[in-house]
Amino acid sequence: MPVNMKQLINLVAKEDWPFTQGHRLCPGCNAPMVAKWATMTAKALGYEPVVGAATGCLEVSTTIYPFTAWNVPYIHNAFENVAATISGAEAAYRSLKNRGKLKTDKPIKFIAFGGDGGTYDIGLQSLSGAVERGHDFLYILYDNEGYMNTGNQRSGSTPPGADATTEPVGKVKTGKVQFKKNIVEIIGAHENVYAATASTSDPFDFMAKVEKGLKHEGPAFIAVLAPCVRFWRIPESDGPKITKLAVETKYWPLYEIDRGVYKITRKPRNFKPIEEYIRSIGRFRKALQHPEYKEVIEEMQKYVDTRWERLLKFEEATKGMYLR
Amino acid sequence: MAEKVMVKGTEAIGEAAIRAGCRLYFGYPITPQSELTEYMSRRMPQVDGVFLQAESEVAAVNMLYGAASTGHRVMTSTSSPGYSLMQEGVSYIAGAELPVVFVNVVRGGPGLGDIQPAQSDYFQATKGGGHGDYRLVVYGPESLQEAVELTAKAFDVADKYRNPALILADGMLGQMMEPVEFPEFRDLSTLPDHSSWAMQGAKGREPHKITSFDINEYVLEQMNLRYQEKYKKIIENEQMWEEYKTDDADIIIVAYGTMGRIAKTIVNMAREKGVKAGLFRPITLWPYPYEALAKLADQAKLFFTVEMSMGQMVEDVKLAVNGKKTVEFYGRTGGVVPTPNEVLAKLMELI
């Protein structure tokens, strides 16, 4: 049975939250929502989550020694290592279980959290390795599109036109020029993997995907668009509002690739122009003052339109064609 | 010389590198040096240089390997865990004899540690870090002015010996601001000519080979012996240190970098109490000024090493003093910077 609101409310009322208050993430940060929703979904499904975290805002701000916001077994390792570390924990668990040496019969699930720097860039190798080996774990990427923990440097996820400290908007350049990596397709292109996007504007879609990911026997990956209000230069209250707009402008389509089968999980009836999304985020402001800003917007519009059409075609073409 | 300007440590090192003729920078963000990476991203396009943010430190160091092979001045900057990730590349660069300048703005370790200043990467910097018999020329500046001067020197020395050099700073030097006088811009046409070995197009000449490898163990041994000859020359020519009030000193405090600077205050405080203290501050941590320090062993009664670590450079002090006198140690670590008062109290206990 899928997770429902009643279950979650009961859980919140009666049980310890796996990810609790008292962390030191900025007011309005979207990362803790991701951590909270994911771990609560796991609990509601009767799983015992074991959490791994890569270096990043979420890790730094939730585990300021001697305090911790985690009410579950938790392990941190350096920036590039969370997928490898969770692989190790999962392999040890599986081995003990297979040999009948495990002292508990609780259904344990391994969840790794990483930011976009630790996932798109430095951690991609260990993530790919863990997915290829087929460890039974769920990797959740909270994607705030930059190295926000070290002060807004560009990452492989930063969108074009964004003003980053290592790729500033200047007289010549309109900030970053490259598009985001399509991380979901990269992971989705592995074998026997469940990969999906999600957005903080749509917790139920996200939690349904968490459930799917946890139930999938093997690796699962969810990329959640989770703004950094500080460096996106948006009001503290606006994170989910912005990610809603991201879905409505095709900037961040909500879809999944389940063992090769594409499925769009939210199809907005009417789309808004990408310019509305760009104009609502402060970190594009400088690029919008650049003489070439129209080209940036046009290029983005064309990109998201084409990608959407492509997604629809993939959905049609892969129907029922599970690779495993 | 220009007038003095107020700058942050990381940015001072970046500007110094550009003025020394560095036009290729490869880096990756890590606290407490991300401002250097950011500074280079703004500054390099203005001087027609290249800034490139890698996807990891492993990538950054190997970009240096590629770029340095062309014979141009290249650098990167990082902080402790990042420098650890780079070690394979550092070893390759040393083996291939490429003139690269590294900057490690050290933070507390081991493992994740924290982002506060420390000197606990001394072993890694001076005794290896990567695999194989290799050496980096290592500079430990005490101030931003000295960091600026040593950055220029590091490029010159790296070029002269075809050997990587390392600026071993710490979080304190990286994050503080000080007035600094920058040297003039180096005329790029006066930079050393590397056409005898660099990869600059082989048309009309024998191809060059840049490698740290030979399958024949005897040839590889010869390569290693050649490195050793080079290291011997560096030891002969490149040692740097500062002595402060050592002429009549009974007690020699040995400290480098940020700690060396603090130790000057401690020397003066001790002298106010009637204790004849002096400071020996190594500036090159490799080659270590063993002989200069050894000379003081005839005159001084006690050596007192102070570090922002649990005791790393103290081993070199003991090697230099060679049992002639007692060598004591005091250190704080994990990002704690000792205060002059606590070090003085410890010193007074010892005498």
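None of the values given here were measured: they were computed from a predicted structure.

Asker: Got a minute to help me understand the overall build of chain B in this structure?
Answerer: The helix and strand tally for chain B stands at 13 helices and 14 strands. For a compact globule of 351 residues, the expected C-alpha radius of gyration is about 20 Å, and chain B comes in at 20 Å, within 12% of that figure. The principal-axis extent of the C-alpha atoms belonging to chain B is close to 70 × 50 × 40 Å. Residues counted as buried form 58% of the 351 residues belonging to chain B. A separation threshold of at least 6 residues defines the contact pool for chain B, and within that pool the share at least 24 residues apart is 78%. For chain B, the computed accessible surface area is about 14,300 Å², with 53% contributed by carbon and sulfur atoms.

Asker: Sorry, what's going on with the layout of surface pockets here?
Answerer: Left-over empty space is what a probe sized like a water molecule reveals as it rolls over the atoms. Computed from the structure, the largest pocket encloses a volume of approximately 920 Å³. If you trace the largest pocket, you find 42 residues lining it, with Thr55, Val60 and Asn149 of chain A together with Arg107 and Leu112 of chain B closest to the centre. Those elements giving two or more residues to the lining of the largest pocket turn out to be α3 (57–62), β2 (74–77) and α5 (116–121) of chain A together with α2 (34–46) and α4 (80–85) of chain B. Split into classes, the residues belonging to the lining of the largest pocket amount to 16 nonpolar, 19 polar and 7 charged. The volume enclosed by the second largest pocket comes to roughly 520 Å³.

Asker: Looking at this model, I keep getting lost on the environment of arginine 133 of chain A. Mind explaining?
Answerer: All names here are of chain A. Assignment of secondary structure puts arginine 133 in helix α6 (residues 124–133). Separated by 46 residues in sequence, arginine 133 and serine 87 place their C-alpha atoms 8.9 Å apart. Among the polar contacts made by the side chain of arginine 133, one reaches the side chain of serine 87 at a distance of 3.1 Å. Only 2.9 Å separates the side chain of arginine 133 from the side chain of histidine 135, close enough to count as a polar contact.

Asker: How should I be thinking about unusual backbone geometry in this particular structure?
Answerer: Note on backbone geometry: most residues besides glycine have negative phi, and most peptide bonds are trans. Residue and element names in this part refer to chain A. With an omega of 5 degrees, the peptide bond between tyrosine 65 and proline 66 qualifies as cis. Mapped onto the elements, proline 66 comes out in the loop between α3 and β2. The backbone phi angle of asparagine 192 is positive, close to 45 degrees, even though this residue is not glycine. As for its position among the elements, asparagine 192 is in the loop between α7 (183–188) and β5 (194–199).

Asker: Which parts of the structure should I look at to understand the pattern of salt bridges?
Answerer: Where charged atoms of side chains with opposite charge meet at close range, the side chains can pair. Taken as a whole and assessed by the stated rule, the structure comprises 46 salt bridges over all chains. Between glutamate 315 of chain A and lysine 267 of chain A there is a salt bridge whose closest N-O contact spans 2.8 Å. Here lysine 267 of chain A lies in the loop between β8 (261–264) and α10 (274–279) and glutamate 315 of chain A lies in helix α12 (residues 293–317), a separation of 48 residues in the sequence. For glutamate 178 of chain B, the salt bridge goes to arginine 261 of chain B, with nearest N and O atoms at 2.2 Å. With glutamate 178 of chain B in strand β8 (residues 177–181) and arginine 261 of chain B in helix α10 (residues 257–272), the pair connects residues that are 83 residues apart, well separated along the chain. Here the salt bridges do not stand alone but share partners, grouping Glu142, Glu146, Glu242, Lys264 and Arg281 of chain B into one network.

Asker: What exactly am I supposed to notice about the sheet that holds β2 of chain A here?
Answerer: Sheet strands associate in pairs through backbone hydrogen bonding, adopting either a parallel or an antiparallel arrangement. All names here are of chain A. Spatially, the 8 strands line up as an open sheet ordered β2-β1-β3-β4-β6-β5-β7-β8, and their pairing is mixed. Two strands lie at the open edges of the sheet, namely β2 and β8, each paired on one side alone. With direction set aside, neighbouring strand axes in the sheet form an average angle of 20 degrees. Sheet topology note: the strand β4 (residues 137–143)/strand β6 (residues 220–225) ladder contains 6 bridges and is parallel. From the neighbouring strand, leucine 141 faces β6, where its bridge partner is alanine 223. On top of the sheet, helix α2 (residues 31–44) reaches β1 (48–54), β3 (108–115), β4 and β6; it is set at about 170 degrees to β3, its chief contact.

Asker: Just to check I follow, could you spell out the sheet that holds strand β7 (residues 165–170) of chain B for this structure?
Answerer: All names here are of chain B. Here we have 7 strands laid out as an open sheet, ordered β3-β2-β4-β5-β7-β6-β12, and mixed in their pairing. Edge positions in the sheet fall to β3 (50–53) and β12 (284–286), since each has one partner strand and no second. Taken pair by pair, the neighbouring strands of this sheet meet at an average axis angle of 20 degrees, ignoring direction. Where strand β5 (residues 100–106) meets β7, 6 bridges bridge the pair, whose relative direction is parallel.

Asker: Is there a simple way to think about the environment of serine 237 of chain A in this case?
Answerer: All names here are of chain A. Following the sequence through the fold, serine 237 ends up in the loop between β6 and α9 (239–248). By relative accessible area, which is 59% here, serine 237 ends up exposed. Here the alpha-carbon distance between serine 237 and asparagine 30, two residues 207 residues apart in the chain, equals 9.9 Å. Within the structure, the side chain of serine 237 is placed 3.1 Å from the side chain of aspartate 238, a separation counted as a polar contact.

Asker: Would you take a moment to explain the packing of aromatic side chains for this structure?
Answerer: For any two aromatic rings, the description comes down to two numbers: the centre-to-centre distance and the angle of the planes. Inspection of every chain in the model, using the stated rule, returns 21 aromatic pairs over all chains. Between tyrosine 139 of chain A and phenylalanine 221 of chain A, the aromatic rings sit 5.7 Å apart at their centres with planes inclined by 25 degrees, giving stacked as the arrangement. Of this pair, tyrosine 139 of chain A sits in strand β4 while phenylalanine 221 of chain A sits in strand β6, and the two are 82 residues apart along the sequence. A single burial state applies to tyrosine 139 of chain A and to phenylalanine 221 of chain A, both of which are buried. Pairing tyrosine 122 of chain B with tyrosine 256 of chain B gives two aromatic rings, centres 5.5 Å apart and planes at 45 degrees, and the pair type is tilted. Residue tyrosine 122 of chain B is found in helix α6 (residues 122–126), and its partner tyrosine 256 of chain B is found in the loop between β10 (251–254) and α10; the two are separated by 134 residues along the sequence. In this structure tyrosine 122 of chain B comes out as buried when scored by relative accessible area, which is 0%. On the basis of relative accessibility, which here comes to 2%, the residue tyrosine 256 of chain B falls in the buried class. Linked through ring pairs, Phe19, Trp70, Tyr74 and Phe113 of chain A together constitute an aromatic cluster. Looking at lysine 250 of chain A, its charged tip hangs above the ring of phenylalanine 271 of chain A, at a distance of 4.6 Å from the centre. Positioned above the aromatic ring of tyrosine 244 of chain B is the side chain of lysine 264 of chain B, whose terminal nitrogen or guanidinium carbon lies 5.7 Å from the ring centre.

The rules behind the values
- The numbering scheme is per chain: residues are counted from 1 as the chain's sequence reads.
- Each chain gets a letter, beginning with A, and each ligand a number, beginning with 1, in the order they are written.
- Only residues with pLDDT of at least 70 get local features here, since the model is predicted, and only at 80 or more are side-chain atom pairs given and counted; chain-wide, interface and lining totals rely on the full set of residues.
- Processing note: side-chain calculations cover all non-hydrogen atoms of the structure and skip hydrogens and water entirely.
- Numbering of helices and strands runs from the N terminus; a helix is a DSSP stretch of H or I covering at least four residues, while a strand is a stretch of E covering at least two.
- The atom set for the radius of gyration is the C-alpha atoms, and the globule formula is 2.2 Å times the number of residues raised to the power 0.38.
- Per-residue accessibility, obtained with a 1.4 Å probe over protein chains only, is compared with the maximum for each type, and a residue is labelled buried under 20%, exposed over 50%, and partly exposed between these values.
- Throughout, a contact is declared for two residues whenever any of their heavy atoms are within 4.5 Å.
- Residue-level accessible areas treat just the shown protein chains as cover; the underlying method is Shrake-Rupley with a 1.4 Å probe.
- Here a cavity denotes a set of grid points, spaced 1 Å apart and computed over the protein atoms alone, in which a 1.4 Å probe fits but from which it cannot get out, and a pocket denotes an open set meeting protein on both sides within 12 Å along at least five of seven lines; residues with an atom within 4 Å of a point are reported as lining.
- Grid points are joined across faces, edges and corners, and a volume is the space filled by probe spheres set on the points.
- Gly is placed with the polar residues, together with every amino acid not listed as nonpolar (Ala, Val, Leu, Ile, Met, Phe, Trp, Tyr, Cys and Pro) or charged (Asp, Glu, Lys and Arg).
- Polar contacts, as used here, are pairs of N or O atoms within 3.5 Å; protein pairs need one atom able to donate a hydrogen and one able to accept it. Residues neighboring in sequence count only if both atoms are side-chain atoms.
- Criterion for a salt bridge: a side-chain nitrogen of Lys or Arg within 4 Å of a carboxyl oxygen of Asp or Glu.
- Only when DSSP finds a minimum of two bridges between them are two strands counted as paired.
- All axes here are fitted lines through C-alpha atoms, helices being fitted over the stretch that makes contact, and every angle between N-to-C directions spans 0 to 180 degrees.
- Put simply, two rings from Phe, Tyr or Trp (the six-membered ring, in Trp's case) pair if the centres are within 6.5 Å, and we call them stacked under 30 degrees between planes, edge-to-face over 60, tilted for the rest.
- Here, over-ring charges are defined by two tests on the NZ atom of lysine or the CZ atom of arginine: distance to the ring centre within 6 Å, and angle to the ring normal within 35 degrees.

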